[in-house]
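Residues per chain, in single letters:
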Amino acid sequence: MASLNVGNLGSLGEYLREQRRTAQLSLRQLADAAGVSNPYLSQIERGLRKPSAEVLQQVAKALRISAETLYVRAGILDEKDREELETRAVILADPSISERQKQVLLQIYDSFRKENAAEHAAGSAGENTAPAAAPVPDATPSSS
């Protein structure tokens, strides 16, 4: 049978196989853990099928790896988006800070990203103006 590899699918399949072997799981064990059929997972690993984002999320959870990494390998996300999502996930998962502190950190992160994007756009357009300072969110705890 001729290979139907399209774009990143072969790379995705190879990566999934490598992760599955590293986790010491058989194809059947991973399929069961991810809630997908064994033949379907086999076709994904061989680059014959393009899985949905939902299936990739289930497989990532079963392998205990980042779903965003699989999205990038499948061409669903680009690398820049993955990095932003992973940064947000790390902040949200940190048990040592409060929910309010997490939200403030995310607001600051967003303001820095917007400021840097504006600087980049201004530089690309040949403008020689200084960007306005990004507003810093109020870090005082709210009484909600």
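Heads up: the structure comes first, above all this text.
Let me sum up the structure you'll find in this document. Since this is a predicted model, take the numbers as computed values, not measurements.

A closer look at the overall build of the protein
Part 1 of the reasoning: Check the secondary structure of the protein and you find seven helices and zero strands.
Part 2 of the reasoning: Secondary structure elements in the protein, listed N-terminal to C-terminal, are α-α-α-α-α-α-α.
Part 3 of the reasoning: In the protein, the proportion of contacts linking residues at least 24 apart, taken out of those at least 6 apart, comes to 50%.
Part 4 of the reasoning: Entry remark: accessible area of the protein is about 9400 Å², with carbon and sulfur atoms responsible for 52%.

Some thoughts on the packing of aromatic side chains
Part 1 of the reasoning: A full pass over the atoms with the stated rule returns zero aromatic pairs.
Part 2 of the reasoning: Residue placement shows arginine 73 over the ring face of tyrosine 15; its charged tip is 4.0 Å from the ring centre.

Overview of helix α6 (residues 79-93)
For an α-helix, the turn length of 3.6 residues means that residues three or four places apart are oriented alike.
Part 1 of the reasoning: Between its first and last C-alpha atoms α6 spans 21 Å; for 15 residues at 1.5 Å apiece the expected length is 21 Å, and the two agree.
Part 2 of the reasoning: What α6 keeps buried is the set Arg82, Glu84, Arg88 and Ile91.
Part 3 of the reasoning: Among the structural elements, α5 (67-74) and α7 (99-124) are those in contact with the buried residues of α6.

Things to note about the packing of α5 against α6
A pair of packed helices is captured by two measures, namely the crossing angle of their axes and the spacing between those axes.
Part 1 of the reasoning: Look at α5 against α6: their axes get within 9 Å of each other, and the N-to-C directions meet at 175 degrees. When the axes of α5 and α6 are compared, the pair comes out roughly antiparallel. Taken together, the residues of α6 that come into contact with α5 (itself represented by Glu68, Thr69 and Val72) are Glu79, Arg82, Leu85 and Glu86.

Some points on the pattern of salt bridges
Part 1 of the reasoning: Taken as a whole and assessed by the stated rule, the structure comprises six salt bridges.
Part 2 of the reasoning: Across the pair glutamate 45 and arginine 17 runs a salt bridge whose closest N-O atoms are separated by 3.5 Å. Separated by 28 residues along the polypeptide, glutamate 45 in helix α3 (residues 38-45) and arginine 17 in helix α1 (residues 9-22) bring together distant segments of the chain.
Part 3 of the reasoning: Glutamate 45 sits in the buried class, given a relative accessible area of 5%.
Part 4 of the reasoning: Here arginine 17 falls in the partly exposed class, since its relative accessible area comes to 21%.
Part 5 of the reasoning: The residue glutamate 84 makes a salt bridge to arginine 113 at a minimum N-O spacing of 2.9 Å. With glutamate 84 in helix α6 and arginine 113 in helix α7, this residue pair connects regions lying 29 residues apart in the sequence.

Definitions and limits used
Residues numbered from 1 in each chain as written. Predicted model: local features only at pLDDT ≥ 70, side-chain atom pairs only at ≥ 80, totals over all residues. Heavy atoms only, no water. Helix = DSSP H or I, 4+ residues; strand = E, 2+ residues; numbered from the N terminus. Contact = heavy atoms within 4.5 Å. Areas by Shrake-Rupley, 256 points an atom, 1.4 Å probe, with all protein chains shown as cover. Phe/Tyr/Trp six-rings, centres within 6.5 Å; stacked < 30°, edge-to-face > 60°. Lys NZ or Arg CZ within 6 Å of the ring centre and 35° of its normal. Expected span 1.5 Å × (residues − 1). Buried < 20%, exposed > 50% of the residue type's maximum accessible area, 1.4 Å probe, protein only. Axes fitted to C-alpha atoms, helices over the stretch in contact; angles between N-to-C directions. Parallel < 35°, antiparallel > 145°, perpendicular 65-115°, else oblique. Salt bridge = Lys/Arg side-chain N within 4 Å of Asp/Glu carboxyl O.

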